[in-house]
Amino acid sequence: MAIVTIGPMLKHARAEGYGIAAYNMIDYNSARAIVEGAQELNAPVIVQVSVKTVKHWGYTPIAHWVRDLATTVDVPVALHLDHCTDFDVLRRCIDAGWTSVMFDGSSLPFAENLEKSLKAYEMTEQAGVGLEAEIGAIGGVEDDKHVNEDEARLANFDECIRFVRDMPNLAVFAPAIGTAHGMYKGEPKIAYDLLKRITDQISIPIALHGGTGLTEEQFHRCISEGCAKVNISTMHKMLYVNSFVALKEQKPKLEEPLSFIANQNAAMKEDVKSVIQIFGSKDKASDARASLATRH
Ligand code: 13P
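These numbers were taken from a predicted model, which means no experiment stands behind them.

(A) Expanded view of the overall build of the chain. Regarding its fold elements, the chain presents 12 helices and 11 strands. Its C-alpha atoms give the chain a radius of gyration of 18 Å, within 12% of the compact-globule value 19 Å for 296 residues. Taking the principal axes of its C-alpha atoms as reference, the chain extends roughly 60 × 45 × 35 Å. Expressed as a percentage of its 296 residues, the buried residues of the chain come to 55%. Total accessible area on the chain stands at roughly 12700 Å², and carbon and sulfur atoms take up 51% of it. Distance from the positive charge centre (30 side chains) to the negative charge centre (39 side chains) of the chain: 2 Å.

Below, the structure written as structure tokens:
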């Protein structure tokens, strides 16, 4: 089917209490593993792309890969831009065919984050694509952004209410609730009470960043409290590299690149499928499809 926007499918996920996996793709093989894994479990899925990855491959190739992959399956597939601070990149992704983008103003003072997020909101509303916006500061390393433990900051509840007030169609809201990008050094301290206060007042689907390393129980609890988009990047990157290296170690004489690519694809796809099972989105494709708006 044609690629879809994220808003309606995330609303459905939040209403029904399941999570949609949002994987950060690396290249065509990884995008294919994400889409095929979703198809095999009949689940909606979000292929998201970091700014660094967009700049590496270029806007048009990525848009073509994901749009073509989406047409080979009958589950809803969205193409999303992850953490972006640059309006030129936002614009170019929208023009190239992304169906949603994230503006990340979380390193800015609240008033400036709000002002710039509203500007991104206006841009995405005009283009008919979804917007994700962040408040507070999610810790860890994502792309070239490093937020150390002292800089990580939970979202302020009153600011959350104020932030979303003028963005009624915000597709997904990302308040920092104590999760972090990259591998966790200790037990993550998830602020479930803050998440609950936010979701009691705000009906917009919530994004859970920093999915790698969370336990099934943590995922279930966050998803049941309104986290409808669940981001995974670090685990996917690790599998991409490790599956390649492990095969060479096992079979040092193997020289055929396609064998390595197939092995890599299988490892990434297996992870996508296990995550989909945990998030409860298996077999949700047809329900999610009913609520969709497509972008051609
Ligand atoms: P991880 O790298 O911890 O999986 O987080 C991914 C993420 O939140 C991307 O925005």
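So much for the structure itself; the text now carries on.
(B) Here's a closer look at the sheet that holds strand β6 (residues 139-142). Pairing is mixed across the open sheet formed by three strands, whose spatial order is β7-β6-β9. Looking at strand neighbours, the two that pair on one side only are β7 (145-147) and β9 (180-181), the edges of this open sheet. By the bridge criterion, two bridges tie β6 to β9 in an arrangement that is parallel. Pairing of G140 across the sheet is with H181, part of β9.

(C) Layout of the pairing of strand β4 (residues 100-103). Going residue by residue along β4, you find S100 and M102 tucked away on one face and V101 and F103 tucked away on the opposite face as well. Two strands pair when backbone bridges link them, and strand β3 (residues 77-84) and β4 are joined in this way by three bridges, in the parallel orientation. If you follow H80 over to β4, its bridge partner there is S100. Note on the crossover from β3 through helix α5 (residues 87-96) to β4: the handedness is right-handed. Here four bridges tie β4 to strand β5 (residues 130-135), and the two strands are oriented parallel to one another. By the bridge assignment for β5, M102 is matched with E132. The parallel pair β4 and β5 is bridged by helix α6 (residues 110-127), and the resulting crossover is right-handed.

(D) Representation of the pattern of salt bridges in the model. Throughout the structure, instances matching the rule amount to 12 salt bridges. Between D95 and R91 there is a salt bridge, and its shortest N-O distance comes to 3.1 Å. With D95 and R91 both in helix α5 and four residues apart, this pair spans about one turn of that helix. By relative accessible area, D95 is classed as exposed at 56%. Residue R91 is classed as partly exposed on the basis of its relative accessible area of 31%. For the salt bridge of D166 with R162, the shortest nitrogen-to-oxygen distance reads 3.6 Å. A relative accessible area of 36% places D166 in the partly exposed class. Through salt bridges with shared partners, one network takes in R32, E36, E40, K269 and K273.

(E) The arrangement of the site of the ligand in detail. In the neighbourhood of the ligand, 16 residues make up the surrounding shell, with D82, G210, T212, S233 and T234 lying closest. H181 is positioned with one of its side-chain polar atoms (N or O) 3.2 Å from an oxygen atom of the ligand. Contact between the ligand and S233: an oxygen atom at 2.8 Å from a main-chain N or O atom of the residue. Bound to the protein, the ligand loses 100% of the 310 Å² it would expose on its own. The set of elements that each furnish at least two residues to the shell around the ligand consists of β3, β9 and β11 (227-232). In terms of residue class, the shell around the ligand is made up of two nonpolar, 12 polar and two charged.

(F) Examining helix α7 (residues 157-165) more closely. By the burial criterion, the buried members of α7 are F157, C160, F163 and V164. Buried residues in α7, looked at end-on, bunch into an arc of 115°, giving them a common side. Facing away from the buried side of α7 by over 90 degrees, the exposed positions are D158 and R165. Considering only its buried residues, α7 is in contact with α6, β5, β8 (172-175) and α8 (192-201).

(G) Seen up close, the pairing of β6. Here β6 pairs with β7 via three bridges, running antiparallel. When the bridges of β7 are listed, G140 appears paired with V147. Between β6 and β7, which pair antiparallel and follow one another directly, the connecting turn spans two residues, one of which, D143, has a positive phi of 60°.

(H) The nonpolar core, seen in detail. Ranked by size, the top nonpolar core spans 77 residues in total, and within it L81, W98 and F173 carry the most contacts. Here this core takes six residues from helix α4 (residues 59-71), the largest share from any one element. Counting 17 residues, the second largest nonpolar core, distinct from the first, contains A13, I20, A22 and A207.

Scoring rules and cut-offs
- Here the residue index of a chain counts from 1 through its sequence in written order.
- Residues qualify for local features only when their pLDDT is at least 70, as the model is predicted, and side-chain atom pairs are given and counted only at 80 or more; totals for whole chains, interfaces and linings, by contrast, use all residues.
- To obtain the side-chain values, all non-hydrogen atoms of the structure were used and water was disregarded.
- Put simply, DSSP H or I for four residues or longer makes a helix, DSSP E for two residues or longer makes a strand, and each gets a number counted from the N terminus.
- In this treatment the radius of gyration is a C-alpha quantity, and the globule benchmark scales as 2.2 Å times the residue count to the 0.38 power.
- Per-residue accessibility, obtained with a 1.4 Å probe over protein chains only, is compared with the maximum for each type, and a residue is labelled buried under 20%, exposed over 50%, and partly exposed between these values.
- Methods summary: accessible areas were calculated by the Shrake-Rupley approach with a probe of 1.4 Å, and residue burial reflects only the protein chains presented.
- A residue counts as positive if it is Lys or Arg and as negative if it is Asp or Glu; His and the chain ends are not included.
- To locate a charge, take NZ of a lysine, CZ of an arginine, CG of an aspartate or CD of a glutamate.
- Paired strands are those between which DSSP finds at least two bridges.
- Looking down the strands as they point away from you, a crossover is right-handed if its path from the first strand over the helix to the second goes clockwise.
- A pairing counts as a salt bridge when a side-chain nitrogen of Lys or Arg comes within 4 Å of a carboxyl oxygen of Asp or Glu.
- A molecule or strand has a residue near it when one of that residue's heavy atoms lies within 4 Å.
- N or O atoms within 3.5 Å of each other form a polar contact, as long as, within protein, one can give a hydrogen and the other can take it, and as long as residues adjacent in sequence are counted only when both atoms are side-chain atoms.
- Residues are grouped as follows: Ala, Val, Leu, Ile, Met, Phe, Trp, Tyr, Cys and Pro are nonpolar; Asp, Glu, Lys and Arg are charged; all remaining types, including Gly, are polar.
- Throughout, the arc means the angular range of directions from the helix axis out to the C-beta atoms.
- When checking whether two residues touch, look at their non-hydrogen atoms; a contact exists if any pair is within 4.5 Å.
- Among buried residues, those of type Ala, Val, Leu, Ile, Met, Phe, Trp, Tyr and Cys that are joined through side-chain atoms within 4.5 Å constitute a nonpolar core.

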